[in-house]
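Each chain, written out:
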Amino acid sequence: MTPEDENNVSKKKLKVIDWHMADPISADLEDDIRMSAPKRESSGFLKKAVTFAVVAIIGVVSVRVFVVYRQIQKEMAAAMEGNQATLTASTEFNPNIPLQDSFVSRPKAELARDEVRDKLQTTRQTTDLDSPVIMSKLLGVEMAFQQGDKLLERRDYSGAYQRFEETRVMLEQFQTDMSNKAESLAARDDYLLLRNKVEPQRSIDMDSYERAFAFYSEGVFFLENGSFFEASERFSDALVELRVLENKIQGFVDRRLLEGQAALAKGDSSTAMTIFNDVLGIEDENEIARNGVKRAETLDQVFPLLEQAETLEGSGDLVAANDAYVRAYELDNFSAKAQQGMYRTERLVKDYTFNSALIDAHNAATAANWYDAIEAYDRALNVYPENEEVKQLREDAVQLEYELRLADGLDKAKFYEDSSEWDLAKDAYIEVLEIEPENTIAKEGLLRTGRMVRVLLRYEKLIELSLLEARSGEFQSAIRYFNEAMGIKPDFLTLSLDAERLKNYLEAQSKPVSITLVSDGKTWVSVAGYELLGKIREKSIRILPGKYRIVGRRKGYEDVNIQVQVVAGQSIPPITVIASKKVG
């Protein structure tokens, strides 16, 4: 390529780069000539866009900043009058811009514009224009955007793109400023809240309080002048100084609380009350101080109880000591001494009761007194129900007591049976079956003794009936009952003295006795249930002792009935039986 060609190429490049370097106003005139009427209306786009932006911002500005905003609006309008020179300058060749950025397509420029416009729209909606500084910064961003829009309208795509990029950077910086502002306001509010809290006690560390106020004043200055980052730092410094004061106040409160606790421990209720009330004057919601006041109110009652409890505990009277600790704890349930003493003596009482029960159980088990051993193990388990060792010992004692009762019951039943104490033996076998319902020995013994008891009962009943019959003179019935009793009497059973006498008496009454009956020969004479004698004048008969009814009958005469008691060994005179009284 010749130098001339290179020169031509350079000229072409320069011509491309300076495509929109002509006078903007002349270019507007040329465009107006070429464009139709609707097109010519767009030549005032910049002015309308700026007006629209101003109106949009005015819509969100509060009344208290409206006058300031109007002044800034005038400044923006004045600035827009010099916009032509700015737009012209922005299209001059800049050797610092990469060559590829000098050739920007329209879509790329429009894309940059749309992105910035969306972000700007969001910023407008979310920004609180509560100060002239913020309004000024946002208007600067708006102006830069409108300049880019104007360049885009003139088809200076590279210049428009660069302006939109600059607007994007300005917008990001503005958003950073808003973030810094929010942080500074939050730090300021934290400072004010903490200041209200610690101000009544600022005399504890006046230097920290004054340094905090100095930092706060600087922060207010920076905040009002739009230096939000610096304002945030100053408010944070002020907060640090206040926290130093807060920590010293807390340290003071903690020391006073310890002093109050010490006064309580000494029983000095007056000092404790004063200290805790001082703390409440600083922190009215301090729970420790509130509880301390309550404890101080009952301290004159609690302290003597604690001294009494300690004395009783030292002398070994744990039950009384525990009672004193419990009463002290009921008055002051924040007293660690009362609580610990109550639990300690309660545990000691439980241990003493437990160990005493184990000793009693051991002694009872050694003597094979399993009933008492079980009762003692139960007392131990009432204290510590989950003690597995004692549970096992109790189970062993129950088993041994069971076996012992079973063996004793069988031995007792056998002893009574051998002694012919059948009723007692039967009851003993029943007791064994209550212990072990399926015990074979007890079952067999119960059947055996039951039969024997029934036999003895029948024997005794027969003897009783025989005696009753004998006493009433029914000797033959008495003899029958007695003989039946003798038939079932067990061999081991000997006759009682009464039974022996009855036996001898009945033997005497078992032999016939002679009696004489006298009649008139006309009366039919009979011994009821024994013998018909007929019409007799006199007749002697032999009859077994007993009660008899002698009957005399004659036609036309009333019957004669005579009761006769025949007893062996007693003389009976002749018995006259004559029916002599006529009927009617």
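Throughout this document, residue positions are counted from 1 along each chain, in the order its sequence is written. Totals for whole chains, interfaces and linings use every residue, but because this is a predicted model, local features are given only for residues with pLDDT of at least 70 and side-chain atom pairs only at 80 or more, for both listing and counting. Think of the side-chain values as coming from all heavy atoms in the structure, minus any hydrogens and water.

Bringing the sheet that holds strand S4 (residues 538-543) into the picture now. One open sheet accounts for three strands, arranged S4-S1-S7; its pairing is mixed. Here the strands that pair on one side only, and so sit at the sheet edges, are S4 and strand S7 (575-576). For two strands to be treated as a pair, DSSP must find no fewer than two bridges joining them. Think of it this way: any DSSP run of H or I at least four residues long counts as a helix, any run of E at least two long counts as a strand, and we number them from the N terminus.

Turning next to the pattern of salt bridges. Throughout this description, the term salt bridge denotes a Lys or Arg side-chain nitrogen within 4 Å of a carboxyl oxygen of Asp or Glu. Enumeration over the complete set of coordinates arrives at 33 salt bridges. The salt bridge partner of Asp 114 is Arg 117, with a shortest N-O separation of 3.0 Å. Placement of the pair is Asp 114 and Arg 117 together in helix H7 (residues 106-126), with a separation of three residues, close to one helical turn. Only protein chains enter the accessibility calculation, which uses a 1.4 Å probe. A residue is then buried if its area is under 20% of the maximum for its type, exposed if over 50%, and partly exposed in between. Under the relative-accessibility criterion, Asp 114 is labelled partly exposed at 24%. The exposure class assigned to Arg 117 is partly exposed, which follows from its relative accessible area of 37%. As a salt-bridge pair, Glu 153 and Lys 150 come within 3.5 Å of each other at their nearest N and O atoms.

By the secondary structure assignment, Thr 345 is in helix H15 (residues 336-366). For this analysis, a polar contact is any N or O atom pair within 3.5 Å, provided that within protein one partner can donate a hydrogen and the other can accept it, and provided that sequence-adjacent residues contribute only side-chain to side-chain pairs. A polar contact of 2.7 Å, which involves the side chain of Thr 345, links it to the backbone oxygen of Gly 341. Apart from the residues lying within four places of it in its own chain, the contact partners of Thr 345 are Glu 313, Leu 318, Ala 321, Asn 322 and Tyr 325. The contact rule is simple, with two residues in contact once any of their heavy atoms fall within 4.5 Å.

Taken residue by residue, the chain gives an average pLDDT of 79. The fraction at 70 or more is 82%. The pLDDT value expresses, per residue, how confident the predictor is, ranging between 0 and 100. Confidence, read as mean pLDDT per element, is least for helix H3 (residues 37-40) in the chain (35) and greatest for strand S2 (residues 524-527) (93). Scored below 50 in pLDDT, residues 1-102 shows 87 contacts in the model against residues more than four places distant or in partner chains.

Turning our eyes to something else, we now look at the pairing of strand S6 (residues 560-566). In this sheet, S6 lies alongside strand S5 (residues 546-553) in antiparallel orientation, the contact comprising seven bridges. Paired with Arg 549 across the two strands is Gln 563, which belongs to S6. In this structure, the hairpin formed by S5 and S6 is closed by a connection of six residues, where Gly 556 is found at a positive phi of approximately 85°.

Read from one edge to the other, the open sheet built from four strands follows the order S3-S2-S5-S6, with strand pairing classed as antiparallel. Of all the strands in the sheet, just strand S3 (531-535) and S6 have a single pairing partner and so form its edges. Strand-to-strand twist of the sheet, defined as the mean angle between neighbouring strand axes without regard to direction, takes the value 20°. Sheet topology note: the S2/S3 ladder contains four bridges and is antiparallel. Bridging across to S3, Ser 526 finds its partner in Leu 532. Lines fitted to C-alpha atoms define the axes, with helix axes restricted to the stretch in contact, and inter-axis angles between N-to-C directions lie between 0 and 180 degrees.

To continue, consider the packing of aromatic side chains. Pairing of aromatic rings covers Phe, Tyr and the six-membered ring of Trp, with a centre-to-centre limit of 6.5 Å; geometry is then stacked below 30 degrees between planes, edge-to-face above 60, and tilted otherwise. Applying the stated criterion across every chain, the model contains 10 aromatic pairs. A ring pair is formed by Phe 213 and Tyr 216, whose centres lie 6.4 Å apart and whose planes are at 40°; its orientation type is tilted. Here the residue Phe 213 and the residue Tyr 216 both occupy positions in helix H10 (residues 206-224), the gap between them amounting to three residues, near one helical turn. We classify Phe 213 as partly exposed; its relative accessible area is 42%.

On to the packing of helix H12 (residues 269-282) against helix H13 (residues 287-314). H13 packs onto H12 with a crossing angle of 160° between their chain directions and a minimal axis gap of 9 Å. Relative to H13, the element H12 is oriented roughly antiparallel. Note that H12 runs across H13; the crossing there is left-handed. Facing H12, whose interface residues are Ser 269, Ala 272, Met 273, Phe 276, Asn 277, Val 279 and Leu 280, H13 presents Ile 288, Ala 289, Arg 290, Gly 292, Val 293, Ala 296, Glu 297, Leu 299 and Asp 300. For classification purposes, angles smaller than 35 degrees are called roughly parallel, those larger than 145 roughly antiparallel, those between 65 and 115 roughly perpendicular, and all remaining angles oblique. The handedness criterion is simple: a crossing whose near helix is rotated anticlockwise from the far helix by less than a right angle is left-handed, and one whose near helix is rotated clockwise is right-handed.

It is characteristic of soluble globular proteins that their nonpolar side chains tend to be buried jointly. In this text, buried Ala, Val, Leu, Ile, Met, Phe, Trp, Tyr and Cys residues form a nonpolar core when linked through side-chain atoms within 4.5 Å. Core analysis: the largest hydrophobic core is formed by 45 residues, its most contacted members being Phe 164, Tyr 191, Leu 242 and Phe 276. Leu 242 has contacts with Tyr 191, Leu 194, Arg 195, Val 198, Tyr 209 and Ala 212, leaving out every residue within four places of it along the chain.

Take the packing of helix H18 (residues 422-435) against helix H19 (residues 440-471) next. Any two packed helices are characterised by the angle at which their axes cross and by the distance between the axes. In contact at an axis separation of 9 Å, H18 and H19 are set at 150° when each is read in the N-to-C sense. Taken together, the axes of H18 and H19 are roughly antiparallel relative to one another. Both H18 and H19 take part in a crossing whose hand is left-handed. Of the residues in H19, those in contact with Trp 422, Asp 423, Ala 425, Lys 426, Tyr 429, Ile 430, Val 432 and Leu 433 of H18 are Ile 441, Ala 442, Lys 443, Gly 445, Leu 446, Arg 448, Thr 449, Met 452, Val 453 and Leu 456. For this classification, the nonpolar set comprises Ala, Val, Leu, Ile, Met, Phe, Trp, Tyr, Cys and Pro, the charged set comprises Asp, Glu, Lys and Arg, and every other residue, Gly included, is treated as polar. Counted by class, the contact of H18 with H19 contains 12 nonpolar, two polar and four charged residues.

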